[in-house]
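# Structural overview
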Amino acid sequence: MRQMETAPQLTASGLTGDYRLLADFNDVVLAGHPTRYGVQFATWERVRERTGLNAGNFYGPPGGVDSYTAAKLCVR
């Protein structure tokens, strides 16, 4: 949760809500979105000269730590 609190806001064309940038590698981003049930993780591919996002996958929060582990595998 400390990393979520200090992570910068993810900004992209058409993205709404509180998504925090946790990792950005090879035009794939890992973001966290706080919910009342925990953190939902998402991965997206950056498009349009890094101003937009495409092909998102969402993980959790019901999966807990397993959701974070699965989301990180998409960023590699």
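Bear in mind that the values here come from a model prediction, so they are computed numbers and not experimental data.

Attention shifts here to the overall build of the protein. Counting its secondary structure elements, the protein contains 2 helices and 4 strands. With 76 residues in all, the protein has 33% of them scored as buried. Once local pairs closer than 6 in sequence are excluded, the contacts in the protein between residues at least 24 apart make up 30%.

Of the residues in the protein, 78% reach a pLDDT of 70 or more, and the chain-wide mean stands at 82. Helix α2 (residues 65–75) is the least confidently modelled element of the protein, averaging 56 in pLDDT, while strand β1 (residues 20–25) averages 94, the highest of any element.

As judged from the 6 bridges shared by strand β3 (residues 38–47) and strand β4 (residues 52–59), these two strands associate in the antiparallel manner. Bridge assignment links T43 to a residue of β4, and that residue is N57. In textbook terms, the turn of a hairpin is the stretch between consecutive antiparallel strands, and for β3 and β4 this stretch comprises 4 residues, one of which, R48, has a positive phi near 50°.

Attention now goes to the sheet that holds strand β2 (residues 28–35). Strand order in this open sheet of 4 strands is β1-β2-β3-β4, and the pairing throughout is antiparallel. With partners counted over all chains shown, the strands left at the sheet margins are β1 and β4, one partner each. On average, adjacent strands in this sheet sit at an angle of 25° to one another, irrespective of strand direction.

Moving on to unusual backbone geometry. A positive phi angle is found at N26, which is not glycine, with a value near 55°. Locating N26 in the fold gives a position in the loop between β1 and β2. With phi around 70°, R50 is a residue other than glycine that occupies positive phi space. Mapped onto the elements of the fold, R50 is located in the loop between β3 and β4.

The rules behind each value
Residues numbered from 1 in each chain as written. Predicted model: local features only at pLDDT ≥ 70, side-chain atom pairs only at ≥ 80, totals over all residues. Heavy atoms only, no water. Helix = DSSP H or I, 4+ residues; strand = E, 2+ residues; numbered from the N terminus. Buried < 20%, exposed > 50% of the residue type's maximum accessible area, 1.4 Å probe, protein only. Contact = heavy atoms within 4.5 Å. pLDDT = per-residue confidence, 0-100. Pairing = 2+ DSSP bridges. Axes fitted to C-alpha atoms, helices over the stretch in contact; angles between N-to-C directions.

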